[in-house]
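Coordinate analysis (summary)
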Amino acid sequence: LMHTKIPEGLQKLPGPKPLPIIGNVLEVGNNPHLSLTAMSKCYGPVFQIQIGQRPVVVLSGNDVIRQALLKQGDEFAGRPDLYSSKFISDGRSLAFSTDQVGVWRARRKLALSALRTFATVQGESSEYSCALEEHISREGLYLIERLHNVMKADGSFDPFRHIVVSVANVICGICFGRRYSHDDNELVSLVNMSDEFGKIVGNGYPGDFIPFLRLLPSTAMKKFQDINSRFSKLVKKIVNEHYDSFDKDNIRDITDSLINHCEDRKLDENSNFQVSDEKIVGIVSDLFGAGFDTISTAISWSVVYLVAYPEIQERLQRELREKVGMERTPRLSDRTDLPLLEAFILEIFRHSSFLPFTIPHCTSKDTSLNGYFIPKDTCVFVNQWQVNHDPELWKDPSSFNPDRFLNADGTDLNKMEGEKVLVFGLGKRRCIGESIGRAEVFLFLAILLQRLKFSGMPGEMPDMTPEYGLTMKHKRCFLRMTPQPGFEFPGT
Ligand code: HEM
């Protein structure tokens with residue numbers, strides 16, 4: 001970038017002066033969401049840093065991010081060619097790989113349509129409005145039983161450990177038509193390692209930017225490669241089982257529907273589709289991976305916030321008692337009647353900003369933003385955390401206050417305020433699991449809150465300092481729970 005000639009009328013990007021070899025790595029530090037937010041105050045909403053030898057443009061501020069991702073969407077829709085991405089889904093990930101635009105677009109369309117079909121299709125029981133609701137309700141109830149048993153045996157529980165298995169089972173149901181027991185070692189140990197994944201991808205791994213660091217032994221990198229290969233092995237095994245029992249007249253789940261798409265395509269001789277079978281069926285890895293880590297992180301953070309803010313927990317439980325009662329399990333259609341729960345979830349997304357940056361983007365051609373020149377193939381970080389904590393957009397941004405999303409008398413959600421929260425990205429690369437994600441966080445929390453009251457260990461407050469990664473996690477902790485008045489655990 002430094003040696004590129006800047007076209008007339010455009011300016012060179014501002015930013016801190018880089019050191020030789022390492023660039024600005026020291027200033028960026030271990031909490032890039034905080035350091036890059038601080039830099040945006042000094043250099044403005046579009047600035048450049050250098051990580052190792054690689055220039056990276058950092059975008060902040062609602063207006064600039066909307067301009068780049070919505071108005072100039074095509075120019076900012078690429079993914080950078082990062083060393084760590086090659087290990088994800090054997091380099092064939094829909095979300096992380098540098099697929100050509102046409103290939104990515106075709107895969108994304110297929111993924112979206114498969115998700116839509118298998119989430120909204122009618123489930124096995126007519127008691128539920130759709131398969132998604134059925135999977136979540138069943139897993140929510142299993143989770144309560146599981147937490148009850150762990151409490152009985154140990155007197156406390158590690159929230160993330162159990163939530164992640166329940167959430168993984170929902171996406172497993174949709175993608176693979178199966179669920180796993182909470183005692184299944186293969187799945188439990190894999191999903192419980194997802195924090196090791198997030199530490200490397202995204203903006204976290206200096207080796208992506210400073211090639212010689214890849215030569216040094218790195219425990220985090222080793223764990224990252226291990227989790228990726230275990231993950232691929234598990235998915236390959238399930239996909240092979242699907243090929244063996246495939247019946248085009250009985251499409252059971254997303255994996256079947258993707259296999260069917262490949263078969264149909266082979267019959268269509270005029271097809272000029274150039275996406276390999278592996279890239280099509282491989283979409284299921286992205287859906288599975290993205291579908292459990294993000295949502296379980298959101299729900300686990302929610303439980304920790306409930307413990308840290310007991311008066312908010314009590315208000316949420318009162319809302320559930322009044323609007324849903326104790327006689328039936330909450331449903332997705334209760335969303336409009338539970339504005340405080342919806343506001344609480346928005347505030348969890350905003351305050352924790354547990355996806356502080358989107359997945360890194362990359363420019364697909366020479367472009368400009370705010371009068372600054374940005375050449376083709378420049379890596380771009382989009383700082384969602386900054387938008388969610390911008391004092392220009394939020395009153396007292398550091399305080400946790402769900403009421404900011406409610407109208408004055410607390411009876412309705414203020415949708416305009418809600419739309420300002422940035423957690424799913426925007427534009428061409430916007431998350432394709434957004435509606436599933438929002439629905440799942442809502443229904444799991446409604447089911448848990450209806451029946452359980454969460455608390456910390458006596459005399460201890462949960463540590464709310466996030467651990468930086470693609471998805472930021474809270475520190476592993478132990479919590480307690482008791483049944484809500486009017487609810488009895490089965491068998492007690
Ligand atoms: C991409 C957030 C749930 C599938 C993304 C991105 C974000 C995000 C920030 C990157 C956007 C960008 O690069 O600009 C979330 C959050 C979730 C969630 C906060 C839950 C609370 C899900 C679920 C699925 C999913 C449930 C699938 C079942 C994907 C995929 C991409 C993606 C495939 C890549 C899209 C692309 O590169 O074209 N998500 N996500 N996500 N998400 Fe999600």
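A short tour of the structure in this document, coming up. (Residues numbered from 1 in each chain as written. Predicted model: local features only at pLDDT ≥ 70, side-chain atom pairs only at ≥ 80, totals over all residues. Heavy atoms only, no water.)

1. Details of the coordination of the iron atom of the ligand
Tetrahedral coordination by four donors sets the ideal angle at the metal to 109.5 degrees; octahedral coordination by six donors sets it to 90 or 180 degrees. On the protein, Cys431 (SG) is the one donor atom to the iron atom of the ligand, at 2.3 Å. Checked against the element boundaries, cysteine 431 lands in the loop between helix 16 (415-419) and helix 17 (434-451). (Donors = N, O, S within 2.8 Å, 3.2 Å for Na, K, Ca; no water. Helix = DSSP H or I, 4+ residues; strand = E, 2+ residues; numbered from the N terminus.)

2. Looking at the side chain of glutamate 139
In this fold, glutamate 139 is placed in helix 5 (residues 131-154). Note on glutamate 139: relative accessible area 4%, which makes it buried. In this structure the side chain of glutamate 139 is engaged in a polar contact, spanning 3.4 Å, whose partner is the side chain of asparagine 169. (Buried < 20%, exposed > 50% of the residue type's maximum accessible area, 1.4 Å probe, protein only. Polar contact = N/O pair within 3.5 Å; in protein donor to acceptor, adjacent residues only side chain to side chain.)

3. Considering the site of the ligand
Close to the ligand lie 24 residues; Arg79, Arg108, His361, Arg429 and Cys431 are nearest. Within the side chain of tryptophan 104, a nitrogen or oxygen atom sits 3.0 Å from an oxygen atom of the ligand. Of all the secondary structure elements, the ones that give two or more residues to the shell around the ligand are helix 4 (101-120) and helix 12 (283-308). In terms of residues, the shell around the ligand owes the most to one element, helix 12, which gives five residues. In terms of residue class, the shell around the ligand is built from 14 nonpolar, seven polar and three charged. (Near = heavy atom within 4 Å. Nonpolar A, V, L, I, M, F, W, Y, C, P; charged D, E, K, R; others polar.)

4. Concerning the sheet that holds strand 2 (residues 54-59)
Pairing in this open sheet of four strands is mixed, and the strands run 1-2-6-3 from one edge to the other. On the outer flanks of this sheet lie strand 1 (46-51) and strand 3 (361-362), each paired with one strand and no other. Bridge count for strand 3 against strand 6 (residues 379-382) is two bridges, and the pairing is antiparallel. Across the sheet, histidine 361 pairs through a bridge with valine 380, a residue of strand 6. The sheet strands contacting helix 2 (residues 32-43) are strand 1, strand 2 and strand 6, and the helix crosses strand 1 at an angle near 130°. (Pairing = 2+ DSSP bridges. Contact = heavy atoms within 4.5 Å. Axes fitted to C-alpha atoms, helices over the stretch in contact; angles between N-to-C directions.)

5. Concerning the nonpolar core
In this structure, Leu132, Ile254, Phe288, Phe292, Leu341, Phe344 and Phe454 are the most contacted members of the largest nonpolar core, which totals 116 residues. Here this core takes 14 residues from helix 12, the largest share from any one element. Not counting the four nearest positions on each side in its chain, leucine 341 is found in contact with Leu316, Glu319, Phe442, Leu445, Ala446 and Leu449. (Core = buried A, V, L, I, M, F, W, Y, C linked by side-chain atoms within 4.5 Å.)

6. Considerations on the pairing of strand 6
Residues Cys379 and Phe381 point to one face of strand 6 and Val380 and Val382 to the other, with burial holding for every one of them. Bridge count for strand 2 against strand 6 is four bridges, and the pairing is parallel. Within strand 6, the position partnered with leucine 59 by the bridge is valine 382.

7. Focus on the pattern of salt bridges
With the rule as written, the count across this model stands at 25 salt bridges. The salt bridge involving arginine 252 is made with aspartate 256; its shortest N-O contact spans 2.6 Å. Taking the relative accessible area as the measure of exposure, arginine 252 reaches 34% and is therefore partly exposed. (Salt bridge = Lys/Arg side-chain N within 4 Å of Asp/Glu carboxyl O.)

8. Section: the state of the cysteines
Counted according to the given criterion, the structure contains zero disulfides. Free of any disulfide, cysteine 130 has its nearest cysteine sulfur in cysteine 175, 15 Å distant. Residue classification places cysteine 130 among the buried residues on the basis of a relative accessible area of 12%. (Disulfide = S-S within 2.5 Å.)

9. Digging into the packing of helix 5 against helix 6 (residues 159-176)
Running from N to C, helix 5 and helix 6 point in directions that differ by 155°, and their axes come no closer than 9 Å. The angle between helix 5 and helix 6 falls in the class roughly antiparallel. Of the two elements, helix 5 crosses helix 6, and the hand of that crossing is right-handed. On helix 6, the residues that touch Leu132, His135, Ile136, Glu139, Leu143, Arg146, Leu147 and Val150 of helix 5 are Arg161, His162, Ile163, Ser166, Asn169, Val170, Gly173 and Ile174. Across the contact of helix 5 with helix 6, the residue classes break down as eight nonpolar, five polar and three charged. (Parallel < 35°, antiparallel > 145°, perpendicular 65-115°, else oblique. Left-handed = near helix turned anticlockwise from the far one by under 90°.)

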